[in-house]
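Chain residues, written in single-letter form:
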Amino acid sequence: MAIARLLGRHAGFHVSLLALAAAAVSVLCAWPLWMRAPGLALIPAFVAVSFCGSLLVLNDELGRGRGGATSILLVAAGFIWPTNYLYEWGNPLAIHLSMIGSTLFWWLSACACLMYPQQRLQGAERGYLIAMAAGLGVPEIYLILTGRTYDALPYFDYWILAIGVGFLGVMSMRYRRYKGVARRTLLPVLVSGVGLSLTGAFSWFLLLSSGVYTPYVDQKLVDVVLCVQGILLIGAAPISLAIGGLRRRFIQASVADALARLPPDAPPEALQQALRLALHDDRLEILYWSPNHDEYVDSDGRPVGRPEEDADKVLIRLYAGENRAMAVLVADRQLASEAALFGDVVSAPRQPVLAVWLQVHDRANQEQQRLLNRRLEEERWKERQRLGRDLHDGVQQHLYTLGVSLALASDQVTDGQAAESIGRAKRQLSAILPAFRDLIHELAPPELARNGLACAIHALVERQPISVDLHLDTTRPPSSVEYIAYLITCEAFTNILKHANASQVVITTRTCEHDLELMISDNGIGGADMNRSRGLAGLRDRVHSVGGHLSLVSPSGGGTLLEVRIPCE
């Protein structure tokens, strides 16, 4: 960011000054080569200018805080590259400076490649750079202290090849680690880095084999190698960085295009899938701000609290309109440096984002109503349990006491007419008690409260006069869900016994993806109509009120299938 501010609006002029300075350094370092072969002397100047020009290519990246370290390293490498040609002066000091400059150039170039685009090094990358510095620096120090050249180091040319192969391995690890936008941005730089690695390793191998820096040097081979090496270096840095920047721009365009193509009534899932495809991140999620809840909700309108960043994910706000953050992207952390991209792009096609936000806002209100209905169902179930306990412990006990009192009275009375009245009262009480017990059982079946839906259906089936095949999941959903499912089962049996003329019933329950599914089928005469059954119609409305679904398929003569899905959350 500091470099971006330094370049300012006159970035081209400032970079031109740097390039002229690099060219002047190149002319000074390679002056003997200018005298001997002016055409070859142009190559180090072009390489130096090219590496400095990468700063102009990275200017947009600098504004996003992405290219600072890479640009500094490349500019430094551009200024150091001409020192490779100091050996042309022929004195020992110039030769050793040329050796040091060559080593430092390749180390800086490797460091620049490994730091792009995230501007930080991982453990393997940091370890490789340390090993490279030690593997090249220690021999350099030895040669400087002894006044010798590379011919004094046996197999040093093969050691250079090994360092190049190691760089390829580290770059491969980086490519596998990155994904999405970061991988697409990295790919051109990775290809360039591989090219630089191969160029550096094989050119050094050939230069050392040709006896460079020694009196018996094969000058023609050295000139050819340095010429080819320079030509490859001229375009490596700026071209790869420019391609990476263009790929980012294409990704920006694809994001904008994906949003612009969304129809006005596109659901939230379509917006999320469009961004996932454009950004190549299949785990990306969008959370929407809900003023009613004062927190974020998912695409289904369910509250998720306030998301927080961690080691794997980053939060990027989506804007629509005038500085209104209507949603937030929960994306892979490698997209953190692309926050400005979304701030620019998503705010342009305002209509799709706003339309989706309104849909999610409506879903959030529906979800709020569903949760309210769910709590009402829970309260209904608790109230029925309380009423059942009160009737069992209160009224039913009084009826039992009344029966005992009538029995004692019938033993003590001597008047025949009174005895007949007491006997009639006892018979009426005997008829009332079973019906009263059934009422208490229907209010809150004890099997349902104690052991769950499966046991309650088993107990219900035992009282039915037809054959029933059961396939019941013993997983217990919330009590309010069990209560609604049990009421539906009871109503279904009532209809089957009254109208279906069936001989076989199959009941299946299972818990799938946070939902309870209930299926009841019979082999009766069919022809059932939801609208003609006030009991099922009322239960359907209750199921819908908690976010569930109830469907009835009953062709004439083909039996009946009742399917119910009730959310457990």
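Residues numbered from 1 in each chain as written. Predicted model: local features only at pLDDT ≥ 70, side-chain atom pairs only at ≥ 80, totals over all residues. Heavy atoms only, no water.

*Asks:* Lay out the overall build of the protein in plain terms, naming residues and giving numbers.
*Replies:* Helix and strand counts for the protein stand at 19 helices and 10 strands. In the protein, which comprises 569 residues, the share counted as buried stands at 48%. Considering only contacts in the protein between residues 6 or more positions apart, those separated by 24 or more positions represent 68%. Counting only carbon and sulfur atoms, one obtains 60% of the accessible surface of the protein, whose full area is about 27,500 Å². (Helix = DSSP H or I, 4+ residues; strand = E, 2+ residues; numbered from the N terminus. Buried < 20%, exposed > 50% of the residue type's maximum accessible area, 1.4 Å probe, protein only. Contact = heavy atoms within 4.5 Å. Areas by Shrake-Rupley, 256 points an atom, 1.4 Å probe, with all protein chains shown as cover.)

*Asks:* Tell me what's going on with the pairing of strand β7 (residues 504–512), and back it up with residues and numbers.
*Replies:* Here strand β6 (residues 467–471) pairs with β7 via 5 bridges, running parallel. Bridging across to β7, Ser-467 finds its partner in Gln-504. Handedness of the β-α-β unit built from β6, helix α18 (residues 479–500) and β7 comes out left-handed. With 8 bridges joining them, β7 and strand β8 (residues 515–522) adopt antiparallel strand pairing. Residue pairing across strands places Thr-511 opposite Leu-516, the latter belonging to β8. Linking β7 back to β8 in an antiparallel pair, the connection comprises 2 residues, with Glu-513 at a positive phi of about 50°. (Pairing = 2+ DSSP bridges. Right-handed = clockwise from strand over helix to strand, strands pointing away.)

*Asks:* Give me the packing of aromatic side chains: which residues, what numbers.
*Replies:* This model, assessed by the stated rule, comprises 6 aromatic pairs. A ring pair is formed by Phe-105 and Trp-106, whose centres lie 5.0 Å apart and whose planes are at 80°; its orientation type is edge-to-face. For Phe-105, a relative accessible area of 0% corresponds to the buried category. Looking at Trp-106, the relative accessible area reads 9%, which means it is buried. Three or more aromatic residues joined by ring pairs make a cluster, and in this case those are Phe-51, Trp-81, Tyr-85, Phe-105 and Trp-106. (Phe/Tyr/Trp six-rings, centres within 6.5 Å; stacked < 30°, edge-to-face > 60°.)

*Asks:* A description of the packing of helix α7 (residues 92–115) against helix α8 (residues 123–146) should follow, citing residues and the corresponding values.
*Replies:* Following both chains from N to C, one finds α7 and α8 inclined at 180°, their axes separated by 11 Å at the closest point. It follows from the interaxial angle that α7 and α8 lie roughly antiparallel. Contacts from His-96, Met-99, Ile-100, Thr-103, Trp-106, Trp-107, Ala-110, Cys-111 and Leu-114 of α7 reach α8 at Glu-125, Tyr-128, Leu-129, Met-132, Ala-133, Leu-136, Glu-140, Leu-143 and Ile-144. Its residues placed into classes, the contact of α7 with α8 shows 14 nonpolar, 2 polar and 2 charged. (Axes fitted to C-alpha atoms, helices over the stretch in contact; angles between N-to-C directions. Parallel < 35°, antiparallel > 145°, perpendicular 65-115°, else oblique. Nonpolar A, V, L, I, M, F, W, Y, C, P; charged D, E, K, R; others polar.)

*Asks:* Can you tell me about the nonpolar core, naming the residues and giving the values?
*Replies:* Formed by 52 residues in total, the largest nonpolar core has its most connected members in Phe-105, Leu-114, Tyr-128, Tyr-150, Phe-156 and Leu-233. Taken together, the elements giving at least two residues each to this core come down to α4 (38–57), α6 (68–80), α7, α8, α9 (156–177), α10 (180–209) and α11 (219–260). Looking at this core, the element that brings in the most residues is α7, giving 11 residues. Not counting the four nearest positions on each side in its chain, Phe-105 is found in contact with Phe-51, Ala-77, Ile-80, Trp-81, Asn-84 and Leu-233. (Core = buried A, V, L, I, M, F, W, Y, C linked by side-chain atoms within 4.5 Å.)

*Asks:* For the pattern of salt bridges, give the residues involved together with the corresponding values.
*Replies:* This model, assessed by the stated rule, comprises 7 salt bridges. The salt bridge partner of Arg-36 is Glu-88, with a shortest N-O separation of 2.8 Å. One end of the pair, Arg-36, is in helix α3 (residues 31–36); the other, Glu-88, is in the loop between α6 and α7, and 52 residues separate them in sequence. Arg-36 sits in the partly exposed class, given a relative accessible area of 38%. Here Arg-510 ties to Glu-517 by a salt bridge, and the two come within 3.1 Å at their closest N and O atoms. (Salt bridge = Lys/Arg side-chain N within 4 Å of Asp/Glu carboxyl O.)

*Asks:* Kindly report on the environment of Leu-329, identifying the contributing residues and their values.
*Replies:* Considering the arrangement of structural elements, one finds Leu-329 in strand β5 (residues 325–332). Sequence-wise, Leu-329 and Gln-272 are 57 residues apart; in three dimensions their C-alpha atoms are separated by 9.3 Å.

*Asks:* Before we move on, could you go through the environment of Gly-200 and cite the residues and values that matter?
*Replies:* For Gly-200, the location among the structural elements is in helix α10. Given a relative accessible area of 8%, Gly-200 falls into the buried group. Spatially, the C-alpha atoms of Gly-200 and Ile-160 are 8.6 Å apart, while their sequence positions differ by 40 residues. Once residues within four sequence positions are removed from consideration, Gly-200 is found in contact with Trp-106 and Ile-160.

*Asks:* So what's going on with the sheet that holds β6? Residues and values would help.
*Replies:* With mixed pairing, 5 strands are arranged side by side in an open sheet as β6-β7-β8-β10-β9. A strand with exactly one partner marks an edge of an open sheet, and here the two such strands are β6 and β9 (549–553). Strand-to-strand twist in this sheet, taken as the mean axis angle between neighbours without regard to direction, amounts to 10°. Packed on one face of the sheet, α18 meets β6, β7, β8, β9 and β10 (560–567) and runs near 10° to β8. Sitting on the sheet, helix α19 (residues 534–545) is in contact with β9 and β10, with an inclination near 145° to β9.

*Asks:* Pulling in residues and values, what's your account of the pairing of β9?
*Replies:* Inspection of the sheet shows β9 paired to β10 by 5 bridges, in the antiparallel sense. Following the sheet pairing, His-549 is matched in β10 by Arg-565. Hairpin connection of β9 to β10: 6 residues between the antiparallel strands, including Gly-557 at a positive phi of 80°.

*Asks:* Lay out the side chain of Glu-125 with the relevant residues and their values.
*Replies:* As for its position among the elements, Glu-125 is in helix α8. Judged by its relative accessible area of 1%, Glu-125 falls in the buried class. Among all residues touching Glu-125, those that are not within four sequence positions of it are Leu-114, Arg-120, Val-170, Arg-174 and Arg-177.

*Asks:* Would you mind going over unusual backbone geometry in detail, with residue names and values included?
*Replies:* Positive phi is not limited to glycine here, since Tyr-155 has a value of about 60°. For Asn-501, which is not glycine, the phi dihedral falls at a positive 55°. Of note, Asn-501 is situated in the loop between α18 and β7.

*Asks:* Break down helix α15 (residues 416–443) for me, with residues and values.
*Replies:* For α15, with 28 residues, the first-to-last C-alpha span of 40 Å sits near the 40 Å given by 1.5 Å per residue. Among all positions of α15, only Ile-422, Gly-423, Leu-429, Leu-433, Phe-436, Ile-440, His-441 and Leu-443 are buried. (Expected span 1.5 Å × (residues − 1).)

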